[in-house]
Amino acid sequence: MAIKHQLYPFQFHRLNRAEVVAVSVTGDYTYLTQDNLNRLIEAPDELPMEVLAEMHAKYFLGREGNHGSRRLLASRLVTKQETVTGGPTLHILVPTLQCAHTCRYCQVSRSLQDTGFSMTPAQVDAACDTIFESPSNTLTVEFQGGDPLLRYDLIQRAIERIARRNAVEKRSIRFVVASTLHQLSPEMCAYFKAHNVYLSTSIDGPAELHNLNRPLASRDAYERTVEGIELARECIGKDAVSALMTTTRASLAMPEAIVDEYIKLGFNEIFIRPLSPYGFAARNEQKQTYSLGEFSTFYQRALQRVLYWNKRQQPIREAAAAIALNKILSPFDAGYVDLQSPTGAGLAVLVYNYDGYVYPSDEARMLAEMGDTSLRLGMIGKPLIDLHQSPVMHALVNASLPTRTPGCLDCAFSRYCGPDPVGAYRQFRTMTPPVQQTKHCQQQTWLFDYLFRALQDADEAFLAMAHRWARSDLKEEAA
Amino acid sequence: MNPERDIPLFWHPLALPGDNSPERLQQVVQVCSAVLNLRVATHAEGQCCLEVSHTASADHQGAEAIVKQALADTLLRERIASKANREVAMLAADILTQAGPR
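The sections below set out a description of the structure shown in this document. (Residues numbered from 1 in each chain as written. Chains lettered and ligands numbered in written order. Predicted model: local features only at pLDDT ≥ 70, side-chain atom pairs only at ≥ 80, totals over all residues. Heavy atoms only, no water.)

Some points on the overall build of chain A
The cut-off we apply is this: Strands are runs of DSSP state E lasting at least two residues, helices are runs of H or I lasting at least four, and both sets are numbered from the N terminus onward. Each radius of gyration reported is based on C-alpha atoms, and the globular scaling rule is 2.2 Å times the count of residues to the power 0.38. Relative accessibility decides the category of a residue: with a 1.4 Å probe and only protein chains considered, values under 20% of the type maximum give buried, values over 50% give exposed, and everything between is partly exposed. We call two residues in contact whenever any of their non-hydrogen atoms come within 4.5 Å of each other. Areas reported here follow the Shrake-Rupley algorithm with a probe of radius 1.4 Å; residue values treat only the protein chains shown as occluding.
Check the secondary structure of chain A and you find 20 helices and 16 strands. Its C-alpha atoms give chain A a radius of gyration of 23 Å, near enough to 23 Å, the size a compact globule of 479 residues would have. With the C-alpha coordinates aligned to their principal axes, the bounding extent of chain A is approximately 75 × 50 × 40 Å. Counting all 479 residues of chain A, 58% fall into the buried class. Pairs at least 24 residues apart make up 70% of the contacts formed inside chain A by residues separated by at least 6 positions. Accessible surface, chain A: about 19500 Å² in total, of which carbon and sulfur atoms supply 52%.

As structure tokens, this is what we get:
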């Protein structure tokens, strides 16, 4: 008896006149010629046998009455959503806005004063208690600022309160302190080692670039951060610190030097990120911003340099590509909050800010620094369920469902992505503008297009590396 | 300097086969908005035409071909939507929606 094929929903993205990449409802992908695309839609029986088998294996086609396959499909879909359904896993505490830097692109804003710019001890306690209202068994508690080490006392208070509670709760909890590391001392390192605290810092590239981007009166921001990195590695361990970079206009000319700097400093991961137009970066937008075309040229050169080092047995992973490759190649989502659907803002991450309010994302609290507090979920101390039932949270979810977003309905990458309602709101003062006009959509569409072309042309070495990068635990070593 | 902002916009008429009613042209603008910078212009005689801007990702010569391809792809997507199994589509939408706060 002839098999009756059922066409399952899928989307495609055109690579050229004769070829597309098609993505099934489960996120599996395949490259199809125009002829095979037409056959898949109109006459699957006419597909070559190996293509037909692939279409079934990747959920482009199903068989009538095959309930086992349908259950497997549902399981794949649920697995991809686990990072959003499991409750907030990333809890960001902003104990203070104090910071000594005057970064020209600071996305947050800063203050040198303490009064009115730091959390009260009661707010720290209340935030820690809310963290345990998340049903997630795996939690990351990250301290940001300002420079949170300027209020080390509040970090200690939070860590100790959480540790006491966790003696009963037995959750898997990871602490991260995001800091310039300028204030880091051997005593702090000993404390962090004892409490499994990781450090995250910023390195924008070679000293001259870093010091240009992050001015201090003493003009030694780079040197002091590198001293902090060395101290942390010596006292806590070689993997104690990770680093992030921000791309400014000045960065655009030196992608290779930036990657080389990460190699020189012994990092096995670099995250090539565009500038987020918040805080001082927004006020300096005319001077600081660049087009997607300029950034993509910069990114490609940087990625080539990363590949260059990998070929020379110097493993280093580029995080933006790794996140996208995880979406494309792995059935398990790494949970990167900016590419969740519905949005990770509020569902996967919560920010407890120094101003006493809870925000759905770092970007939302940055907007508050710019005078727009409309994305507040509620005051610190409010039960998690109330924060999640807030009108802002509902608006965020409704604005981030591809099934309700016209531009996403036809997008082949919507299985890996989702609208960014906070970014859209910043850009257009509405969470639901035409999605293709948002920077988030343009940036991600470009990156997925670029990676699918790279995967299509890839040799075995690149494919093997792509699969290593795609593993869901992005904190694993890069090799 | 913001390069995108500082490049002046020049709009050029784009030939489109078939129906050139304002409604259809507006549809074309929506369909192609991800790949081309298009707008519907009304000339003094009251006629509508499609215009492409020089900041578009493709050059002017390629723009017409891109519009035609995008329209053909839209028809294919409509075919997929009409033929694809509705239960699977609803299952996917349900699982996605359930991820919101309850």
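Points about the nonpolar core
As a reminder of what qualifies: Put simply, buried Ala, Val, Leu, Ile, Met, Phe, Trp, Tyr and Cys residues joined by side-chain atoms within 4.5 Å make one nonpolar core.
In this structure, Leu184(A), Phe192(A) and Tyr299(A) are the most contacted members of the largest nonpolar core, which totals 125 residues. If you look at the next biggest cluster of nonpolar residues, it comprises 17 residues, including Leu7(A), Val20(A), Leu37(A) and Leu61(A).

Points about the interface of chain A and chain B
Rule in force here: When two components associate, each loses some accessible surface as probed by a 1.4 Å sphere; the sum of these losses over both components is called the buried area. For this document, the term salt bridge refers to a Lys or Arg side-chain nitrogen within 4 Å of an Asp or Glu carboxyl oxygen. Whenever two N or O atoms come within 3.5 Å, that pair is a polar contact, provided that in protein one can donate a hydrogen and the other can accept it, and provided that, for residues adjacent in sequence, both atoms are side-chain atoms.
Each partner contributes residues to the interface: chain A has 46 residues there, and chain B has 29 residues. Both faces considered, chain A and chain B share a buried interface measuring about 3100 Å² in area, 62% of it formed by carbon and sulfur atoms. Close ionic contact of Glu42(A) with Lys83(B) constitutes a salt bridge, the shortest N to O distance being 3.6 Å. Our count for the contact surface shared by chain A and chain B stands at eight residue pairs in polar contact (both at pLDDT 80 or more).

Quick look at the pairing of strand 2 (residues 10–16) of chain A
All names here are of chain A. Defined as follows: For two strands to count as paired, DSSP must find a minimum of two bridges between them.
Burial analysis of strand 2 places five of its seven residues in the buried class, which makes it a mostly covered element. Where strand 2 lies against strand 3 (residues 19–24), six bridges are found, and the strand directions are antiparallel. What sits directly across from Gln11, in strand 3, is Val23. Connecting strand 2 to the antiparallel partner strand 3 that follows it, the hairpin turn spans two residues.

Describing the sheet that holds strand 3 of chain A
Residue and element names in this part refer to chain A. Short version of the rule: Here an axis means a line fitted to C-alpha atoms, over the contact stretch when the element is a helix, while the angle between two N-to-C directions is reported on a 0 to 180 degree scale.
The antiparallel open sheet is built from three strands, whose spatial order is 2-3-4. In this open sheet, the two strands that pair with only one neighbour each are strand 2 and strand 4 (29–33). Each neighbouring strand pair of the sheet contributes to a mean axis angle of 30°, computed without reference to strand direction. Bridge count for strand 3 against strand 4 is five bridges, and the pairing is antiparallel. What sits directly across from Val20, in strand 4, is Leu32.

Side note on the sheet that holds strand 3 (residues 48–53) of chain B
Residue and element names in this part refer to chain B. An order of 1-3-2 is seen for the three strands of this open sheet, with the pairing classed as antiparallel. Of all the strands in the sheet, the pair left with one neighbour each is strand 1 (11–14) and strand 2 (38–42). Taken pair by pair, the neighbouring strands of this sheet meet at an average axis angle of 45°, ignoring direction. Strand direction decides the pairing type here: strand 2 and strand 3, joined by five bridges, are antiparallel. If you follow Ala41 over to strand 3, its bridge partner there is Cys49. Sheet strands in contact with helix 2 (residues 22–32) are strand 2 and strand 3, and its direction is about 160° off that of strand 2.

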